[in-house]
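# Descriptive structure summary
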Amino acid sequence: MKLAGKVAVITGAGSGLGRQSSLLFAQEGASVVVVDILADRAEETVRLVTEQGGKALAVTADVSVEADVARAVATAVEEFGGLDIMFANAGVVSRGGVPSVAGGEPVAFEDLTEADWQQVLGVNLSGVFFSCKHSVRPMRERGGGAIVVTSSAASLVAYHSISLYSATKAGVNGLVRGLSLDLGKFGIRVNALAPTHGMSPNFLMPSGSPVVGQSYEEVAGPWNPGVSPIPLKLRRPPSLLDNAKVALFLASDDSAYMSGVVVPATDGGTLSRVAMTFEEDAPPADADATATATG
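Just so we're clear, the structure is a prediction, and the values are computed from it rather than from any experiment.

An order of E3-E2-E1-E4-E5-E6-E7 is seen for the seven strands of this open sheet, with the pairing classed as parallel. Looking at which strands have only one partner, the edges of the open sheet turn out to be strand E3 (55-60) and strand E7 (262-263). Bridge count for strand E2 (residues 31-36) against E3 is six bridges, and the pairing is parallel. Note that in E3 the partner of Ser31 across the bridge is Lys55.

The following block contains the structure:
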């Protein structure tokens, strides 16, 4: 197992990538502290982990509050004996969301308020800062560790109506690079994954909505790779597990000599293409038959 004997804290672990990563990390041998702002979601993730034979406990916390993050890390040390992995995954989208996805409504940039800015900044960037800060001492006591952060494709390219979100995620990338230099001497690696696809609709849904447990692409209906805008054509849609496996790679010794890296997870070539469209982009008449690769 890749994480045998390791202790991991995962924030935003009550749904989406956080929940999927909790399950995967536990399967790989880690004891997991499941952190979420919603207690019932955190407890359900713990139930799912223990049901599959893993070790986990829940901590209700708001990552934008430093004392809450400190308490989550302290719980890991007290209950499981230390800390080896911090997965700073919790995040929120700017007010209005992405208008073209999951019913988001456009909000003019000039109508955004200081409260809007402080909310997204508090969770997406301050929350990562607090998570990294409070991981250092217990990781130094263990002789090193791995900090993994969920960034976003929106840190690399623009999406409509979420400039505040994009700014905080770009800040995350800078923090990851800076900390890789500052913390490397302690044997602490700091990396991020920047998902494009395979993320949870819960991210754009109101707080407290039922946990979907699938990616946007999985819930959209029957998958036809021929008409998908993703250049990589596989016979199945991108999933939460695809992103969780990248997080696992960055948390495990498989990436032992990687630090300061932002991995564009699950982009399938999307970030490599230009905005122009070409005749070759049209789906072939036998679109299903051309997708011979399997995921």
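From this point, the discussion proceeds with the structure in view.
Let us look at the nonpolar core. Among the nonpolar cores identified, the biggest contains 28 residues, and Phe25, Val32, Val34, Phe87 and Leu193 are the most heavily contacted of them. Elements with a contribution of two residues or more to this core: strand E1 (7-11), helix H1 (16-27), E2, helix H2 (39-51), strand E4 (85-88) and helix H7 (240-251). The element contributing the most residues to this core is H7, with six residues. One finds Ala88, Met139, Ile147 and Val190 within the second-largest nonpolar core, a separate group that totals 26 residues.

The next thing to look at is the side chain of Asp116. Mapped onto the elements of the fold, Asp116 is located in helix H4 (residues 114-141). Among the polar contacts made by the side chain of Asp116, one reaches the side chain of Arg95 at a distance of 2.9 Å. If we skip the residues at most four places from it in the chain, Asp116 touches Arg95, Asp111 and Leu164.

Our next topic: the confidence of the model for the protein. Here the protein shows a mean pLDDT of 92. Residues at 70 or above account for 94%. The low-confidence segment residues 289-295, where pLDDT is below 50, has 13 contacts with residues more than four positions distant or belonging to other chains.

Another aspect to go through is the environment of Ala192. Among the structural elements, Ala192 can be located in strand E6 (residues 188-193). Given a relative accessible area of 0%, Ala192 falls into the buried group. Residues Ala192 and Thr277 lie 85 residues apart in sequence; the distance between their C-alpha atoms is 30 Å. When near neighbours in sequence (up to four residues on either side) are disregarded, Ala192 contacts Val149, Ser151, Val176, Leu250, Val261, Val262 and Val263.

Turning our eyes to something else, we now look at the pairing of E6. When you tally the buried positions in E6, you get six out of six residues, the bulk of the element. Burial along E6 is two-sided: the residues Ile188, Val190 and Ala192 and Arg189, Asn191 and Leu193 are all buried. Taken together, the six bridges between strand E5 (residues 145-150) and E6 define a ladder with parallel strand orientation. Counterpart to Ala146 in the pairing with E6 is Arg189. In this view, the connection linking E5 to its parallel neighbour E6 by way of helix H5 (residues 163-183) has right-handed handedness. Where E6 lies against E7, two bridges are found, and the strand directions are parallel.

What follows concerns the packing of helix H3 (residues 66-80) against H4. Helices that pack against each other are described as a pair by the angle of their axes relative to one another and the distance between those axes. Relative to each other, H3 and H4 sit at 35°, their axes nearing to 9 Å. For the element pair H3 and H4, the recorded crossing hand is right-handed. Note on element contacts: H4 touches H3 through Phe130, Ser131, Lys133, His134 and Pro138, opposite Glu66, Val69, Ala70, Val73 and Val77. Residues of the contact of H3 with H4, tallied by class, amount to six nonpolar, two polar and two charged.

Moving on, we come to the pattern of salt bridges. Enumeration according to the criterion identifies eight salt bridges in this entry. Asp68 is the partner of Arg71 in a salt bridge, and the nearest nitrogen-oxygen pair spans 3.4 Å. Of this pair, Arg71 and Asp68 both sit in helix H3, three residues apart, which is roughly one turn of the helix. Since its relative accessible area comes to 37%, Arg71 is described here as partly exposed. A residue is classified by how much of its surface remains accessible, and Asp68, at 18% relative accessible area, is buried. For the salt bridge of Asp242 with Arg236, the shortest nitrogen-to-oxygen distance reads 2.9 Å. We classify Asp242 as buried; its relative accessible area is 19%. A relative accessible area of 30% places Arg236 in the partly exposed class.

About the cut-offs
- Residues numbered from 1 in each chain as written.
- Predicted model: local features only at pLDDT ≥ 70, side-chain atom pairs only at ≥ 80, totals over all residues.
- Heavy atoms only, no water.
- Pairing = 2+ DSSP bridges.
- Helix = DSSP H or I, 4+ residues; strand = E, 2+ residues; numbered from the N terminus.
- Core = buried A, V, L, I, M, F, W, Y, C linked by side-chain atoms within 4.5 Å.
- Buried < 20%, exposed > 50% of the residue type's maximum accessible area, 1.4 Å probe, protein only.
- Polar contact = N/O pair within 3.5 Å; in protein donor to acceptor, adjacent residues only side chain to side chain.
- Contact = heavy atoms within 4.5 Å.
- pLDDT = per-residue confidence, 0-100.
- Right-handed = clockwise from strand over helix to strand, strands pointing away.
- Axes fitted to C-alpha atoms, helices over the stretch in contact; angles between N-to-C directions.
- Left-handed = near helix turned anticlockwise from the far one by under 90°.
- Nonpolar A, V, L, I, M, F, W, Y, C, P; charged D, E, K, R; others polar.
- Salt bridge = Lys/Arg side-chain N within 4 Å of Asp/Glu carboxyl O.

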